[in-house]
Amino acid sequence: MFSCIFCRVVSGELPSYKLYEDDRVIAFLDIFPAVKGHILVVPKTHAENMFASDPEDIKATMKVVLDLAPKLEKALGADGINITINKGEAAGQSVFHTHVHILPRFKDDGKSLWGPMDSKPDLAELYEELKQNL
Ligand code: DGP
């Protein structure tokens with residue numbers, strides 16, 4: 001995994017502003033922050049995305065997220081927090097090594113996430129389709 005950016009951060013080959021580390025997980029500042037205090041929590045073992053990761057790595061990663069997020073919110077005096085995982089290019093994933101974003105949110109940060117769809121699907125129809133397939 002020599003070309004994986006986050007593997008290179010994990011190994012120390014690439015520098016990072018590391019905020020947390022244990023034997024399974026590392027957390028550091030996002031180099032292209034969407035908001036002030038945007039951090040990434042990353043399992044050290046390489047996997048392309050969260051579904052490919054060892055569930056124990058996901059468990060350890062989410063434990064760190066749950067610990068760091070409220071601390072970060074408090075430290076920065078944020079008004080809220082988004083915790084996001086982008087899986088797949090269509091969802092905005094650009095680094096194909098499992099990671100969780102923690103984004104402190106401020107009332108005046110001017111960011112918006114999803115708005116409503118332009119054209120809403122038929123929910124009853126969608127519900128039937130999903131019930132058959134989930
Ligand atoms: P995503 O788009 O969900 O795959 O998020 C990848 C994030 O990783 C993106 O917000 C920018 C960040 N990033 C990319 N390269 C580096 C890097 O070399 N160092 C750090 N700290 N963050 C990086």
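What counts, and at which threshold
Residues numbered from 1 in each chain as written. Predicted model: local features only at pLDDT ≥ 70, side-chain atom pairs only at ≥ 80, totals over all residues. Heavy atoms only, no water. Salt bridge = Lys/Arg side-chain N within 4 Å of Asp/Glu carboxyl O. Helix = DSSP H or I, 4+ residues; strand = E, 2+ residues; numbered from the N terminus. Buried < 20%, exposed > 50% of the residue type's maximum accessible area, 1.4 Å probe, protein only. UniProt positions renumbered as here; feature names shortened; annotations may be inferred. Contact = heavy atoms within 4.5 Å. Polar contact = N/O pair within 3.5 Å; in protein donor to acceptor, adjacent residues only side chain to side chain. Pairing = 2+ DSSP bridges.

## Remarks on the pattern of salt bridges
- Scanning all chains against the criterion turns up eight salt bridges.
- Lys44 is paired through a salt bridge with Glu21; the nearest N and O atoms lie 2.8 Å apart. Taken together, the residues Lys44 in the loop between strand 3 (39–43) and helix 2 (55–76) and Glu21 in strand 1 (residues 18–21) connect sequence positions 23 residues apart.
- Residue classification places Lys44 among the partly exposed residues on the basis of a relative accessible area of 21%.
- Between Asp67 and Lys71 there is a salt bridge, with the nearest N and O atoms lying 3.1 Å from each other. With a gap of four residues between them, Asp67 and Lys71 both fall in helix 2, about one helical turn apart.
- Taking the relative accessible area as the measure of exposure, Asp67 reaches 33% and is therefore partly exposed.
- A network of salt bridges, in which partner residues are shared, links Lys18, Glu21 and Lys44.

## Observations regarding the UniProt feature "active site" (unreviewed entry) in the protein
- Under the present numbering, the feature "active site" (unreviewed entry) in UniProt falls on His99.
- When you line up the elements, His99 lands in the loop between strand 4 (80–84) and strand 5 (100–105).
- Setting aside chain neighbours within four positions, we find His99 in contact with Phe6, Leu40, Val41, Val42, Thr84, Ile85 and Gln93.
- Only 2.6 Å separates the side chain of His99 from the backbone oxygen of His97, close enough to count as a polar contact.

## Details of the side chain of His97
- Structurally, His97 can be placed in the loop between strand 4 and strand 5.
- A distance of 2.8 Å separates the side chain of His97 from the backbone oxygen of Pro43, its partner in a polar contact.

## With respect to the pairing of strand 2 (residues 25–29)
- Among the five residues in strand 2, four count as buried, and that is most of the element.
- Two strands pair when backbone bridges link them, and strand 1 and strand 2 are joined in this way by three bridges, in the antiparallel orientation. Bridging across to strand 2, Lys18 finds its partner in Phe28.
- A loop of three residues connects strand 1 with strand 2, the two strands running antiparallel in sequence.
- In this structure, strand 2 lies alongside strand 3, joined through five bridges in antiparallel fashion. Within strand 3, the position partnered with Ala27 by the bridge is Val41.

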